[in-house]
Amino acid sequence: MNGRTLADRILSTFTQTTSRMKSLTALFMTLLSLCSVSLAQKAADGSGTYRYLEGTIDKYPVSMHLYGYKDQWLGHYTYSRVGGQPISFTGFDTLRNGTVDLDVFKGETSEVFRLKTSGDGLTGTWRKDEKSAPLQVSLKEVATVLPMRLLHRSERVAHRPALPESPGCSFEATIVWPEGNSAQAEFVKRQVRASLDEKAAAGASPEAVMDAMRKKYISDCRAEAKDAKEEELKDMPSMYSRDIVHRVTVMTQSTEFLCLDDMEWEYSGGAHGNGYSLYRILDLKNLKRLGMNDLFTANGVKALPKLIENRFRIQYGLKPGQSLRDAGLYENRIATATQNVYLTSKGVVFSYTSYEIGPYAMGPIEVFVPYTELKPHLQPAFAKRVGA
């Protein structure tokens, strides 16, 4: 299995509409990086950048979280007035006068940003699709409560380097890591470390944790194929192909709360890989991780399934009374509210992983419910802090 084969698998797995697959679109970063290399032994360590920007696309206010490692980029942007689900993108530095192209995959089409560094921000254009006229983009970097940097570890190993198209294994971990040693920074560091490995020693450096993860994964993968015959590797490459991507990035951030996206995708043979995003809502004032009972009242939790169902109908364009099965769900109802949630400036996004309420083909299902509808069901103290 070479890099192109893995990239094709990831693309077929995650090319869903942006409303369905935000939580895993960071994986397109892997698509871009793996398309350019073979699976010969290759390790890459380093650090990158995390920038938060605000500005406009034409007359529409937007915010953007942008991550850069070498010539590769990923992140997401949000229309500020709506404050709904972030829209994810990936991209590369190009050779055209230092521009960066960022693509938002949406089924058969894709939005495209073409941006250049301009002072403390980015300027350029955005197109809805290749046929639409470009709109002007202007973004300025904004200081965040917690400045962060990006840390990266990766390795790709072929089981038989001398064998063309040899299957093998790849490991990638990319995380945000707060700068400084303030109480807030140390609290978030503990959460990021736990996202990587719940058993990691307190105070262990993130580099050491990622290196240990990489070493074990590559060692276990190679052990599985140690006794494989060359004919088996040629005839059944998927049986001996193993790939994993782990990312911990910022979903949303404010002066009050930080939401982390703990994403993992893995291929372990078969028709396709699988992945998920688990979100952590961190209270930056009280230095604690929040759960559903911190956000909603007991009766409010009971009311959530109906609110989510109503919003799902709107989001997926269902008519009143039309069966949810017509949109792909297993049942004609959403029976429970997932506890896997994150905050935006205007509401809460409820994220169901693949297979949870719908088939794999639907991808992860995310439903945005605005605070205007959630307000009666919020804990009073939380409602005050988010301005609901």
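Note that the structure is predicted; figures quoted are calculated from it, not measured.

**Student:** Can you help me understand the overall build of the chain in this one?
**Tutor:** A count of helices and strands for the chain gives 10 helices and 17 strands. Residue burial in the chain is summarised as follows: out of 388 residues, 53% are buried. If you take every contact in the chain between residues at least 6 apart in sequence, the share linking residues at least 24 apart comes to 57%. When the accessible surface of the chain is summed, it comes to about 17,500 Å², and 51% of that surface belongs to carbon and sulfur atoms.

**Student:** Mind showing me how you'd approach the nonpolar core here?
**Tutor:** Across soluble globular proteins, you tend to see nonpolar side chains buried next to one another. Ranked by internal contacts, the top residues of the largest apolar core, which has 39 residues, are Phe312 and Phe350. Ignoring any residue separated from it by four or fewer positions in sequence, one finds Phe312 in contact with Leu318, Leu324, Ala327, Leu329, Ile334, Met362, Ile365 and Val367.

**Student:** Help me understand unusual backbone geometry, please; the structure alone is not making it clear to me.
**Tutor:** Note: most residues except glycine have negative phi, and most peptide bonds are trans. We note that Asp58 has phi near 60°; this positive angle belongs to a residue other than glycine. Mapped onto the elements, Asp58 comes out in the loop between strand S1 (42-57) and strand S2 (60-69). Its relative accessible area of 39% is what places Asp58 among the partly exposed residues.

**Student:** Is there a simple way to explain the sheet that holds strand S15 (residues 341-343) in this structure?
**Tutor:** Sheet strands line up and pair through hydrogen bonds in the backbone, either parallel or antiparallel. If you trace the 3 strands from one edge of the open sheet to the other, you get S15-S16-S17, paired in antiparallel fashion. Looking at which strands have only one partner, the edges of the open sheet turn out to be S15 and strand S17 (365-370). On average, each strand axis in the sheet is inclined to that of its neighbour by 20°, with strand direction left out of account. In this sheet, S17 lies alongside strand S16 (residues 347-352) in antiparallel orientation, the contact comprising 6 bridges. If you follow Ser351 over to S17, its bridge partner there is Glu366. Here helix H8 (residues 298-315) sits on the sheet in contact with S16 and S17, set at roughly 105° to S17.

**Student:** Any chance you could explain helix H4 (residues 183-196) here in plain terms?
**Tutor:** Given 3.6 residues per helical turn, the α-helix brings residues three or four places apart onto the same face. End to end, H4 covers 20 Å across 14 residues, agreeing with the expected 20 Å (1.5 Å per residue, within 8%). Where burial is concerned, most of H4 is hidden: 10 out of the 14 residues are buried. Within the span of H4, buried status applies to Ala185, Phe187, Val188, Lys189, Gln191, Val192, Arg193, Ala194, Ser195 and Leu196.

**Student:** Explain H8 to me, please; I cannot follow it from the model alone.
**Tutor:** Under the 1.5 Å per step criterion, the end-to-end length of H8 is 26 Å for 18 residues, consistent within 8% with the ideal 26 Å. The sharpest bend along H8 comes to roughly 35°, located at Leu304, with the proline Pro305 sitting one to four residues further on. Along H8, the residues that are buried comprise Gly300, Leu304, Pro305, Leu307, Ile308, Glu309, Phe312 and Arg313. Looking one or two residues beyond H8, the residue adopting positive phi is Gly317, at roughly 70°.

**Student:** Can you help me understand the packing of aromatic side chains in this one?
**Tutor:** Any aromatic ring pair is given by two values, namely how distant the centres are and how the planes are angled relative to each other. Counting across every chain of the model gives 11 aromatic pairs. Here Tyr77 and Phe113 contribute two aromatic rings whose centre-to-centre distance is 5.1 Å and whose plane-to-plane angle is 85°, an arrangement assigned as edge-to-face. Within this pair, whereas Tyr77 is found in strand S3 (residues 72-79), its partner Phe113 is found in strand S6 (residues 109-118), the two being separated by 36 residues in sequence. You can call Tyr77 buried: its relative accessible area is 1%.

**Student:** Help me out: how do you make sense of the confidence of the model for the chain in this one?
**Tutor:** Caution applies to low-pLDDT parts of the model: their predicted coordinates are not meant to be read in detail. Per-residue pLDDT for the chain has a mean of 87; in total, 87% of the residues score no lower than 70. pLDDT under 50 marks residues 1-39. Its contacts with residues more than four places away, or in other chains, come to 121 contacts.

Here is what the cut-offs are and how they apply
- Residues numbered from 1 in each chain as written.
- Predicted model: local features only at pLDDT ≥ 70, side-chain atom pairs only at ≥ 80, totals over all residues.
- Heavy atoms only, no water.
- Helix = DSSP H or I, 4+ residues; strand = E, 2+ residues; numbered from the N terminus.
- Buried < 20%, exposed > 50% of the residue type's maximum accessible area, 1.4 Å probe, protein only.
- Contact = heavy atoms within 4.5 Å.
- Areas by Shrake-Rupley, 256 points an atom, 1.4 Å probe, with all protein chains shown as cover.
- Core = buried A, V, L, I, M, F, W, Y, C linked by side-chain atoms within 4.5 Å.
- Pairing = 2+ DSSP bridges.
- Axes fitted to C-alpha atoms, helices over the stretch in contact; angles between N-to-C directions.
- Expected span 1.5 Å × (residues − 1).
- Bend = angle between axes of the 7 residues up to and from the residue.
- Phe/Tyr/Trp six-rings, centres within 6.5 Å; stacked < 30°, edge-to-face > 60°.
- pLDDT = per-residue confidence, 0-100.

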